[in-house]
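Remarks on the overall topology
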Amino acid sequence: MASKKQKHKIRTQFRKKHQGRSKTGDLTREFQDQADRLDKLAPTERISGKGELTRKRTVIGAELTEDQSGGFTVLLDYDSSLCRQGRVLRVHGLSCVVETEDGSIFRCATRQLLKSLNTEQRHVVAAGDLVIFRPEGDGQGMIERIEPRYGVLSRTSRGRQHVIVTNVDQLLIIASAAEPVLKPNLIDRFLVTAEQSRITPIICINKIDLIDPADLQPLVGVYGQMGYPVYLVSAATGLGVERLRRRIVGRQSVVSGQSGVGKTSLLNAIDPDLKLRVQEVSRENQKGKHTTTTAQLIRLQSGGHIVDTPGIRQFQLWDIIPAELAGLMRDIRPYVNACRYPDCTHIHEMDCAVKDAVADGRVDARRYESYCQMFLGDD
Ligand code: GDP
Ligand code: ZN
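No experiment lies behind these values; they were computed from the predicted model shown. (Residues numbered from 1 in each chain as written. Chains lettered and ligands numbered in written order. Predicted model: local features only at pLDDT ≥ 70, side-chain atom pairs only at ≥ 80, totals over all residues. Heavy atoms only, no water.)

A few words on the overall build of the protein chain. Counting secondary structure elements, the protein chain contains 11 helices and 18 strands. Counting every position in the protein chain, which comprises 379 residues, the buried fraction comes to 49%. Residue pairs at least 24 apart in sequence account for 65% of intrachain contacts in the protein chain once pairs closer than 6 positions are excluded. In the form shown here, the protein chain has an accessible surface area of approximately 18,600 Å², with 50% of it arising from carbon and sulfur atoms. (Helix = DSSP H or I, 4+ residues; strand = E, 2+ residues; numbered from the N terminus. Buried < 20%, exposed > 50% of the residue type's maximum accessible area, 1.4 Å probe, protein only. Contact = heavy atoms within 4.5 Å. Areas by Shrake-Rupley, 256 points an atom, 1.4 Å probe, with all protein chains shown as cover.)

The next point concerns the sheet that holds strand E15 (residues 230–232). As summarised here, the arrangement of the six strands in space is E15-E14-E13-E16-E18-E17, forming an open sheet in which the pairing is mixed. If you trace the sheet from one side to the other, it starts and ends with E15 and strand E17 (296–299), each paired once. The sheet shows a mean angle of 30° between the axes of neighbouring strands, taken without regard to direction. One ladder, built from four bridges, connects E17 with strand E18 (residues 305–308); its direction is antiparallel. Across the sheet, the residue bridging to Gln296 is Asp308, located in E18. Most of the contacts of helix H4 (residues 217–225) go to E15, to which it runs at about 155°, and overall it touches strand E14 (200–206) and E15. Each of strand E13 (170–176), E14, E15, strand E16 (252–256) and E18 touches helix H5 (residues 241–248); the most contacted strand, E15, lies at about 145° to it. (Pairing = 2+ DSSP bridges. Axes fitted to C-alpha atoms, helices over the stretch in contact; angles between N-to-C directions.)

The environment of ligand 1 is made up of 15 residues, and the closest members are Asp209, Gly260, Lys263, Thr264 and Ser265. Between Lys207 and ligand 1, the recorded distance is 2.9 Å, taken from a side-chain N or O atom to an oxygen atom. Take Asp209: an N or O atom from its side chain is 2.8 Å from a nitrogen atom of ligand 1. In isolation ligand 1 exposes 580 Å². Once the protein is present, 66% of that is buried. (Near = heavy atom within 4 Å. Polar contact = N/O pair within 3.5 Å; in protein donor to acceptor, adjacent residues only side chain to side chain.)

The five strands are arranged E6-E7-E8-E10-E9 in a closed barrel whose pairing can be described as mixed. Across this sheet, the average inter-strand angle for adjacent strands is 55°, counted without regard to direction. Of the strand pairs in this sheet, strand E6 (residues 84–92) and strand E7 (residues 95–99) are connected by five bridges, and their pairing is antiparallel. Note on E7: the bridge partner recorded for His92 is Ser95.

It is worth spelling out the environment of Phe106 at this point. Considering the arrangement of structural elements, one finds Phe106 in strand E8 (residues 105–110). Each C-alpha atom, one on Phe106 and one on Gly86, is 9.0 Å from the other, the two residues being 20 residues apart in sequence. Among all residues touching Phe106, those that are not within four sequence positions of it are Arg84, Cys96, Val97, Val98, Thr100, Phe133, Pro135, Gly139 and Gln140.

A few words on the coordination of the zinc ion (ligand 2). Donor atoms from the polypeptide that coordinate the zinc ion (ligand 2) comprise Cys339 (SG), Cys344 (SG), His346 (ND1) and Cys352 (SG), at 2.1 to 2.4 Å from the metal. In this structure, the zinc ion (ligand 2) is coordinated by four donor atoms arranged in tetrahedral fashion, with angles at the metal of 101 to 115°. When the donor residues of the zinc ion (ligand 2) are listed from N- to C-terminus, their spacing reads C-x4-C-x1-H-x5-C. With Cys339 in the loop between helix H9 (322–325) and helix H10 (353–359) and Cys352 in the loop between H9 and H10, the pair connects residues that are 13 residues apart, well separated along the chain. Cys339 gets classed as buried once you look at its relative accessible area, which sits at 10%. Taking the relative accessible area as the measure of exposure, Cys352 reaches 2% and is therefore buried. (Donors = N, O, S within 2.8 Å, 3.2 Å for Na, K, Ca; no water. Tetrahedral: all angles 85-135°; square planar, octahedral: opposite > 155°, others 65-115°.)

Remark: H5 packs on helix H6 (residues 263–270), axes separated minimally by 9 Å, with the N-to-C direction vectors making an angle of 80°. When the axes of H5 and H6 are compared, the pair comes out roughly perpendicular. Here Val241, Leu244, Arg245 and Ile248 of H5 come into contact with H6, specifically with Leu266, Ala269 and Ile270. Its residues assigned to classes, the contact of H5 with H6 shows six nonpolar, no polar and one charged. (Parallel < 35°, antiparallel > 145°, perpendicular 65-115°, else oblique. Nonpolar A, V, L, I, M, F, W, Y, C, P; charged D, E, K, R; others polar.)

On to the environment of Tyr371, then. Note that Tyr371 resides in helix H11 (residues 365–376). Sequence spacing of Tyr371 and Pro322 is 49 residues, and the spatial spacing of their C-alpha atoms is 9.8 Å. With near-sequence residues (within four places) excluded, Tyr371 lies in contact with Leu325, Ala326, Met329, Ile332, Thr345, His346 and Ile347.

What follows is about the pairing of E6. Burial of E6 is extensive: seven of the nine residues sit out of reach of the surface. Bridging between E6 and strand E9 (residues 130–135) involves four bridges; their strand directions are antiparallel. Within E9, the position partnered with Gln85 by the bridge is Ile132.

The next subject is H11. Across its 12 residues, H11 extends 16 Å between first and last C-alpha, which sits within 8% of the 16 Å expected from 1.5 Å per residue. Next to the buried residues of H11 lie helix H3 (184–197), H4, H9 and H10. Positive phi shows up at Gly377, right after H11, with a value of about 75°. (Expected span 1.5 Å × (residues − 1).)

Overall, the coordinates contain three aromatic pairs when judged by the stated rule. With centroids separated by 5.7 Å and ring planes inclined at 35°, the aromatic side chains of Tyr371 and Phe375 adopt a geometry described as tilted. Note that Tyr371 and Phe375 are positioned in helix H11 at a spacing of four residues, about one turn of the helix. The class for Tyr371 is buried, based on a relative accessible area of 1%. Of the aromatic side chains, those joined through ring pairs into one cluster are Tyr368, Tyr371 and Phe375. The positively charged end of Arg243 is found above the aromatic ring belonging to Tyr231, 4.2 Å away from the centroid. (Phe/Tyr/Trp six-rings, centres within 6.5 Å; stacked < 30°, edge-to-face > 60°. Lys NZ or Arg CZ within 6 Å of the ring centre and 35° of its normal.)

Here it is as structure tokens:
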């Protein structure tokens, strides 16, 4: 952390703004987005050189770091003696709710310069962000800096990336063993999303009290072999809940899963006061002018947060390019480069290494079926 107010000068060179976009998920594209954001730096920044193809500018009092996605983040200087660290629990219109380590809550606005770094998102600060803010009394504050993000869950619509939540440690994929019937293909969809966002997935199969757990062994084995943790639990009997709680404590977890599988029951079994806190937050939200909340973090008594996003709970495959799908499936990925045709879809081609692997049992047939369904967009 920057302890003193040190002035750094960074000279950045960026490509011209409208150069045509490469496909989604491409690093060039991400870099371009960052460049676009920097293009909107406040007019007080010094600008040097404004050629046809490149623009250079010097940002004083900032450092540029490369983030996880290969993009760049500008870290603005701040006066540490006046500031505190916190985590954004939710964003409301132009302000956001920030929680400090000790659980204090501040309603914060965002420093103008930080806002101007952003062009692609509607709001520069996202739920989950770790921020440095300056308290201004009366529970208010000003966000001075956003720390580099990891575990970003976002969706792209009309070529724009919308960040839903950041700094997510894990995606809890909750399914039920019965009532509703277990849908492994749905688990596979969530797994693909987790792989794409590079967020660790945790598979939880609830309502284990309704079946003979031995029946699930083959399925659990397939996921286990791929390195995915699987938890067999019952919110009703408490079976496996303690083990799951240990996995959740101190981390930021996004909850996903079809309605009726027992997400609410499971979260309540993990933290009995969670329901109260969710109700508190929604009451508070109704009071505010901006009732639309994209994502919200709910603090767990024992540390960590659950990310609640009504839209995410049942999310479908977002932004997955069919050609990238096989590479996002851990068991299929090792074979894709051995197919005869480099653009093999692994559906109908001759000499397909993926189909060969399915034929001799190296790839689970049900997983391959799941791949075909997702590839063809069947539901
Ligand atoms: P959500 O829609 O995913 O939040 O699911 P809920 O938590 O509302 O649960 C849906 C239904 O499943 C409720 O009637 C719960 O009582 C029931 N349920 C939840 N967990 C279990 C469980 O482990 N075993 C059984 N038998 N029923 C459960
Ligand atoms: Zn193939």
